[in-house]
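What follows is each chain in one-letter form.
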Amino acid sequence: MLDSGDWIHPWGSPHHKTPGFYWMIATTYKLFDINQNSVRLPNLILGFFSVFLLYEIAKIILNQRIAWLAAAILSINFLWLQYCRLGTPDVPMVFLVLLGIFSLLKAELKTEINLRDRKYYNNLLSHLLSNSFWCFLGGFCFGLGLLIRSMMIFLPIVALLPYLILENRRHRLLNNPSLYLGFLIGLLPTLIWLWLSFSYYGNGSVNQLVNFVFRLGSNERGGNGILFYLWNVPITSFPWTLFALVGLFNSLFDLANSSQSKYKLLFIGSPVTLFIELSLFSTRLPHYSLCLFPFISLLAAVGLDNLSQVYTQNSTNLKYKKNRNQVNHQSFHHQYINQPVTSKSKNTGNIKNNEFELNLQISPDKITPPDSLLDSQIRKAPQYFSYGFGCLGILLVIAGIATLIIISNNEIRKYATLSLVLGTTWLISPAIWIARNHFQIKFLTANYWLASFLVPSWLGLAVVCGNGLIGDYNPDFREFIQKPAIIKIINSSSINFVEVGGKTGVLIDFYTKKIGKEVNSLQELAPKSYAWIKKKQADSSSIPHRVIGTVQNYSLVQVSEL
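Residues numbered from 1 in each chain as written. Predicted model: local features only at pLDDT ≥ 70, side-chain atom pairs only at ≥ 80, totals over all residues. Heavy atoms only, no water.

Trainee: Looking at this model, I keep getting lost on helix H18 (residues 410-426). Mind explaining?
Mentor: Note that an α-helix has 3.6 residues per turn; residues three or four places apart therefore point the same way. Over its 17 residues, H18 extends 25 Å from the first C-alpha to the last, a length consistent with the 24 Å expected when each residue adds 1.5 Å. Turning to H18, its buried residues are Ala416, Leu418, Ser419, Leu422, Gly423, Thr425 and Trp426. Buried residues in H18 make contact with helix H17 (381-406), helix H19 (428-437) and helix H20 (446-466). (Helix = DSSP H or I, 4+ residues; strand = E, 2+ residues; numbered from the N terminus. Expected span 1.5 Å × (residues − 1). Buried < 20%, exposed > 50% of the residue type's maximum accessible area, 1.4 Å probe, protein only. Contact = heavy atoms within 4.5 Å.)

Trainee: Hey, could you run me through the pairing of strand S4 (residues 515-519) in this one?
Mentor: Examined bridge by bridge, strand S3 (residues 495-498) and S4 share 3 bridges and lie parallel to one another. Bridge assignment links isoleucine 495 to a residue of S4, and that residue is isoleucine 515. (Pairing = 2+ DSSP bridges.)

Trainee: Got a minute to help me understand the pattern of salt bridges in this structure?
Mentor: Side-chain pairs of opposite charge can arise where the charged atoms are in close proximity. Scanning the model with the defined rule gives 6 salt bridges in all. The salt bridge involving aspartate 305 is made with arginine 65; its shortest N-O contact spans 2.6 Å. With aspartate 305 in helix H15 (residues 293-337) and arginine 65 in helix H3 (residues 64-75), this residue pair connects regions lying 240 residues apart in the sequence. Using a relative accessible area of 8% as the deciding quantity, one classes aspartate 305 as buried. Three or more residues joined by partner-sharing salt bridges are found here, namely Glu108, Glu167 and Arg170. (Salt bridge = Lys/Arg side-chain N within 4 Å of Asp/Glu carboxyl O.)

Trainee: Sorry, what's going on with the pairing of S3 here?
Mentor: The two faces of the sheet receive side chains in turn, since in a regular strand these alternate between them. By the alternation rule, side chains of S3 split into Ile495 and Phe497 and Asn496 and Val498, which are all buried. Assessed by its sense of winding, the connection that carries the chain from S3 through helix H23 (residues 502-511) to S4 is right-handed. With 4 bridges connecting them, S3 and strand S5 (residues 530-534) associate as parallel partners. Residue pairing in the sheet places asparagine 496 in a bridge with alanine 531 of S5. (Right-handed = clockwise from strand over helix to strand, strands pointing away.)

Trainee: Help me understand the packing of aromatic side chains in this model?
Mentor: Both the distance between ring centres and the angle between the ring planes are used here to describe each pair of aromatic rings. Applying the stated criterion to the full structure yields 26 aromatic pairs. For the pair phenylalanine 243 and phenylalanine 389, a centre-to-centre distance of 6.0 Å together with 5 degrees between the ring planes defines the contact as stacked. Of this pair, phenylalanine 243 sits in helix H12 (residues 240-253) while phenylalanine 389 sits in helix H17, placing them 146 residues apart in sequence. In terms of burial, phenylalanine 243 and phenylalanine 389 fall into one category: buried. Centre to centre, the rings of phenylalanine 243 and phenylalanine 453 are 5.0 Å apart; their planes meet at 70 degrees, and the pair counts as edge-to-face. Taken together, the positions of phenylalanine 243 in helix H12 and phenylalanine 453 in helix H20 put the pair 210 residues apart, joining distant regions of the chain. Judged by its relative accessible area of 0%, phenylalanine 243 is buried. Aromatic ring contacts, followed pair by pair, group Phe238, Trp240, Phe243, Tyr311, Phe385, Phe389, Trp426, Trp433, Trp449 and Phe453 into a single cluster. (Phe/Tyr/Trp six-rings, centres within 6.5 Å; stacked < 30°, edge-to-face > 60°.)

Trainee: Would you mind showing me how to read unusual backbone geometry here?
Mentor: Backbone geometry follows two general trends: most residues other than glycine have a negative phi, and most peptide bonds adopt the trans configuration. Along the chain, phenylalanine 238 connects to proline 239 via a cis peptide bond; the corresponding omega equals 5 degrees. Checked against the element boundaries, proline 239 lands in the loop between helix H11 (228-236) and H12. Of note, glutamine 440 is a non-glycine position whose phi angle comes to about 55 degrees, a positive value. Here glutamine 440 is to be found in the loop between H19 and H20. With phi around 50 degrees, glutamine 552 is a residue other than glycine that occupies positive phi space. With relative accessibility at 24%, the residue glutamine 552 sits in the partly exposed group.

Trainee: Which parts of the structure should I look at to understand the packing of helix H2 (residues 36-61) against H3?
Mentor: Any two packed helices are characterised by how steeply their axes cross, that is the angle between the axes, and by the distance between the axes. Contact pair H2 / H3: the axes reach a minimum separation of 8 Å and the direction vectors enclose 155 degrees. Compared by their axis directions, H2 and H3 come out roughly antiparallel. In this structure, H2 meets H3 at a crossing whose hand is right-handed. Along its contact with H2, which presents Val51, Leu54, Tyr55, Ala58 and Lys59, the element H3 presents Gln64, Ala67, Trp68, Ala70, Ala71, Leu74 and Ser75. (Axes fitted to C-alpha atoms, helices over the stretch in contact; angles between N-to-C directions. Parallel < 35°, antiparallel > 145°, perpendicular 65-115°, else oblique. Left-handed = near helix turned anticlockwise from the far one by under 90°.)

Trainee: Would you mind showing me how to read the sheet that holds strand S7 (residues 554-559) here?
Mentor: Two orientations exist for strands paired in a sheet by backbone hydrogen bonds: parallel and antiparallel. An order of S4-S3-S5-S7-S6 is seen for the 5 strands of this open sheet, with the pairing classed as mixed. The two strands at the open ends of the sheet, each matched to only one other strand, are S4 and strand S6 (545-551). Averaged over all pairs of adjacent strands, the angle between strand axes in this sheet comes to 25 degrees, irrespective of strand direction.

Trainee: What exactly am I supposed to notice about the nonpolar core here?
Mentor: Taken as a class, soluble globular proteins show a tendency for nonpolar side chains to be buried jointly. Formed by 104 residues in total, the largest nonpolar core has its most connected members in Ile61 and Phe243. Of the residues forming this core, the biggest block, 13 residues, is contributed by helix H5 (residues 90-116). With near-sequence residues (within four places) excluded, phenylalanine 243 lies in contact with Leu299, Ala300, Gly303, Leu304, Leu307, Phe385, Phe389 and Phe453. Formed by 15 residues, the second largest nonpolar core is a distinct cluster that contains Ile481, Ile490, Tyr530 and Leu556. (Core = buried A, V, L, I, M, F, W, Y, C linked by side-chain atoms within 4.5 Å.)

Trainee: I tried to follow the side chain of serine 529 on my own but got confused; where do I start?
Mentor: Looking at the secondary structure, you find serine 529 in the loop between S4 and S5. Taking relative accessible area as the criterion, serine 529 reaches 16% and is therefore assigned buried. At a separation of 2.7 Å, a polar atom in the side chain of serine 529 contacts the main-chain carbonyl oxygen of alanine 526. Apart from residues lying up to four places away in sequence, serine 529 is in contact with Asn496, Val557, Gln558 and Val559. (Polar contact = N/O pair within 3.5 Å; in protein donor to acceptor, adjacent residues only side chain to side chain.)

Trainee: Would you explain the confidence of the model for the chain in this entry?
Mentor: Close inspection of predicted coordinates is inappropriate in any region flagged by low pLDDT. Per-residue confidence for the chain averages 83 on the pLDDT scale, and 83% of its residues sit at or above 70. Within the model, pLDDT remains below 50 along residues 324-369, and this stretch shows 34 contacts once partners closer than five positions in the same chain are excluded. (pLDDT = per-residue confidence, 0-100.)

Trainee: Is there a simple way to think about a nonpolar patch on the surface in this case?
Mentor: Taken together, the side chains of Met151, Phe154, Val158, Leu161, Ile165, Leu166, Val206, Val210 and Phe214 make up a nonpolar region of the molecular surface, amounting to roughly 760 Å² of accessible area. Of all the secondary structure elements, the ones that give two or more residues to the nonpolar patch are helix H7 (154-166) and helix H10 (204-218). In terms of residue count, the dominant contributor to the nonpolar patch is H7 (5 residues). Note on valine 158: relative accessible area 36%, which makes it partly exposed. (Patch = residues over 30% accessible without salt bridge, like charges linked within 9 Å, V, L, I, M, F, W, Y side chains within 5 Å. Areas by Shrake-Rupley, 256 points an atom, 1.4 Å probe, with all protein chains shown as cover.)

Structure below.
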């Protein structure tokens, strides 16, 4: 786009994706020059605002405490942080979806105010305009998503339909024409691009967009079957999926919480529907599930909040039982042991022993029924999580120490450092549980217990970033391109491309400042010309050439003089 100045149809043939994300990257190139930071800047900014939007959404449908937890969990999720540092359209799509959901919730709140509070009828026009604005913005976000992420935007739109349709009697969002107007205005840039592409390529652009969807829906990649996301999502979002399951269970069966019940089709129905859609889609890749991660973070926050309440109740119950036992012991001695026995006692439950009598009669209304098995297991859930992560921490510490002792490979030793940090910090959770419940250390409240799960992830991500495991995905290519001989050629000479393609081809194209001709063989190049060429093709070429360097199966060569 930048080289040709053509931002509408810069490709030699119709393209299979809409150009919205390419326009974003090209704009940052224009503003901040062509470099890695320019590529990553849009996703970094939109990723930050996505976390903020999740906080606002959770505050509306749940409460501020859960909102803080949800935002914190999303911000330290490994896959989310990874894609916030990549130049891909997934994070911008998630941002638009979250902004659309937030707008619909704001519109719903405005509708409820208009219906409930009579004092607002004096200023009804302004509230109706505000409601229409939020509906328009919500529709606009979903419409604009087509320009950013092509047909993939329809997956989260379909996932929201249960909430929009089944709850429409309450929120009446589908009755507002501003929602549809905003959606059409959001589609307008895509429609204009399609019209201009049609005038240049014919119907090829539309065919490519539609055929790409059918290819994704019919071709399975890498043997990723229908159960792919059942194991991939828990791994890529570990440990938050475990807590999300707790939150899902609690939200499904907590019917008394009316604030949750009216939004259950949103924060439970939508992610479940989206998960089913992704699983039925034949092309299953890890980053396709990125739109699930805000919902996973929200449900994990609900689960952690519920577990922290159980943690507090357990501590209170232990203290109560201890005090009650002391009181009962004193009362027992006062009422029975120190009372003389009358020989005429006729209580059938009395036991006589010389001069004293123990009255063992118990009133039926004082009997406390034993806990059910489910209740007892729920109360033990924080203990199970604490000890479970403690055991995992011990295994990681042992694995990290063994790796550092046995293996000398520096790349593998980076993971040993991560294993040691995660393992050591995951031991904090059982330590807090034991200190609080067995040694009665009072200041270790539920907040400390919650922090024992958040801190390891923060520290683990710090180690990952410090070791270059996030952000430096092609260290061999980076080291190659920084060699003095290579830098000199790239900065001063025009370099031709001999059938360069694939992901490595994208890197070569990015770092090559002066791109020459695109040819099919070295025979088409003049003597002393430089060229990128596949290593196998260079080795089999009969044209004399000098190999300057090789990286990732591509060689930088110079054609020799005859």
